[in-house]
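# Structure assessment
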Amino acid sequence: MRDAFVRALLREMERDPRVMLVTGDLGFGVLRPVKERFPDRLINAGIAEQSMVGLAAGLAMTGRKVVVYSIGNFPTLRPLEQIRNDCAYHGLDVKIVCVGGGFVYGSLGMSHHATEDMAVMRAIPDITCFTPGDPAETEAAVPVMFATKGTCYLRLGRGNEPRAHEGEITDWTFPKGIRLREGKDIALLSAGGILVELKRAAERLAEQGIGAEVWSFPCLKPLDADRIRELAGRFSDLITVEEHTVTGGFGSAVCEVIAETGSGCRVHRMGLKDCFTTVVGDQAYLRHVYGMDAEAIAKKAEELVRR
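Residues numbered from 1 in each chain as written. Predicted model: local features only at pLDDT ≥ 70, side-chain atom pairs only at ≥ 80, totals over all residues. Heavy atoms only, no water.

## Here's the deal with helix α6 (residues 135–147)
Test applied: Where helices and strands are cited, they refer to DSSP runs of H or I of at least four residues and of E of at least two residues respectively, numbered from the N terminus. Multiplying one less than the number of residues by 1.5 Å gives the expected span of a helix. What is called the bend at a residue is the angle between a pair of axes, fitted to the seven residues leading up to and ending at it and to the seven starting from it. Burial here depends on accessible area, computed with a 1.4 Å probe over protein chains only, as a share of the maximum for the residue type. Under 20% is buried, over 50% is exposed, and the range in between is partly exposed. Here a polar contact is recorded for every N or O atom pair within 3.5 Å, except that within protein the pair must consist of a potential hydrogen donor and a potential acceptor, and residues adjacent in sequence are included only if both atoms are side-chain atoms.
End to end, α6 covers 19 Å across 13 residues, agreeing with the expected 18 Å (1.5 Å per residue, within 8%). At Ala141, α6 shows its strongest bend, of approximately 25°, with the proline Pro143 following within four residues. α6 sits mainly inside the fold: 10 of its 13 residues count as buried. Within α6 the residues assigned to the buried category are Pro135, Ala136, Glu137, Thr138, Ala140, Ala141, Val142, Val144, Met145 and Phe146. Where α6 begins, the capping side chain belongs to Asp134, and its oxygen is found 3.2 Å from the backbone nitrogen of Ala136.

## A closer look at the environment of Ala136
Checked against the element boundaries, Ala136 lands in helix α6. The class for Ala136 is buried, based on a relative accessible area of 5%.

## What to know about the pairing of strand β4 (residues 94–99)
What counts is decided by this rule: A pair of strands counts as paired when DSSP detects no fewer than two bridges linking them. When the strands point away from the viewer, a crossover counts as right-handed if the route from the first strand across the helix to the second turns clockwise.
Burial of β4 is extensive: 6 of the 6 residues sit out of reach of the surface. Of the strand pairs in this sheet, strand β3 (residues 65–71) and β4 are connected by 6 bridges, and their pairing is parallel. Each bridged residue has a counterpart across the sheet, and for Ser70 the counterpart in β4 is Cys98. With respect to chirality, the unit in which β3 leads through helix α4 (residues 80–88) into the neighbouring parallel β4 is right-handed. As defined by bridge partners, β4 adjoins strand β6 (residues 151–156) across 5 bridges and the pair is classed as parallel. Within β6, the residue paired with Ile96 across the bridge is Tyr153.

## Some points on the environment of Gly46
Note the threshold: Note on definitions: a residue-residue contact is assigned when non-hydrogen atoms from the two residues lie within 4.5 Å.
Counting through the fold element by element, Gly46 comes out in the loop between β2 (42–44) and α3 (49–60). On a C-alpha basis, the gap between Gly46 and Thr23 in space is 7.4 Å, while along the polypeptide they are 23 residues apart. The contacts of Gly46, once residues within four sequence positions are left out, are Thr23, Gly24 and Asp25.

## Some words on the packing of aromatic side chains
How we decide: Ring pairs are drawn from Phe, Tyr and Trp, using the six-membered ring of Trp, whenever the two centres fall within 6.5 Å, and their geometry is named by plane angle: stacked under 30 degrees, edge-to-face over 60, tilted for the rest.
In the structure shown here, the tally under the stated rule is 6 aromatic pairs. Measuring from ring centre to ring centre gives 5.8 Å for Phe130 and Phe174, while their planes differ by 40°; the resulting arrangement is tilted. Here Phe130 is found in strand β5 (residues 127–130), whereas its partner Phe174 is found in the loop between β6 and β7 (178–181), with 44 residues between them in sequence. Accessibility expressed as a relative area gives 31% for Phe174, which makes it partly exposed. Here Phe217 and Phe250 contribute two aromatic rings whose centre-to-centre distance is 5.6 Å and whose plane-to-plane angle is 40°, an arrangement assigned as tilted. Here the residue Phe217 occupies a position in the loop between β9 (212–216) and β10 (219–221), and Phe250 occupies one in helix α9 (residues 250–258), the gap between them amounting to 33 residues. Phe217 gets classed as buried once you look at its relative accessible area, which sits at 1%. Through successive ring pairs, a cluster of aromatic residues spans Phe130, Trp172 and Phe174.

Written as structure tokens, this is what we have:
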């Protein structure tokens, strides 16, 4: 997803001379093409995230479109006041990009586990939140993000992760959900890079004769509420999965929509419970430990369908 973002960013920088990139002293290998082609539009702000966002706000006030790029929690939680007060409040064209949502930096411990960012960012007024599920969705979402006025948040996974989509996405309409698989028994929904686990879970369920419909939501805010309501009308149970706390994130957003439908559809949220992560390890290991990998998703779906 990271590499897909850089490819899409370079296309935007070629198209629009107002686009600038500010980084927090990282990503130089990945960002090398930006430095080589647009050296006067790349700024290293150093390990000073609050100043980095303040700088971006100042640049945006001069008419530039500014991308703020950092890993894990560092572009969101540390400069949260600057995002809220300097960027969103003034409707500035600042695009906050997190590389490493969820457990990407799993071996570095809870300080690097980005598991509250979606809840925090979607709570701030006038911020559009993009949560693509794989590289194909990333390349589809980035041009839309740049075309969206005001402050945006883009949550990415890492580089070289598996693709959930077989080809490119050329017909995505903002902020619509994207169906990857049809099913009649239960629906699996996700936002962000956990999507590949849903696809694997659906394949396991198919072997047991259970049809699981799989949906990705590349935009968390605004959420495709029409699709959520349509799914609530077709299924008695929905499972939401997120590499994030279940408090305030994607599952909570889905519940907010379902609560107003009166459909009787039950939402089962899978993700990190209301706790800090105390285990370290790679991303796949932590997904397993905290019950959000394909095995756990398939087991939960089977229990609901058999019931």
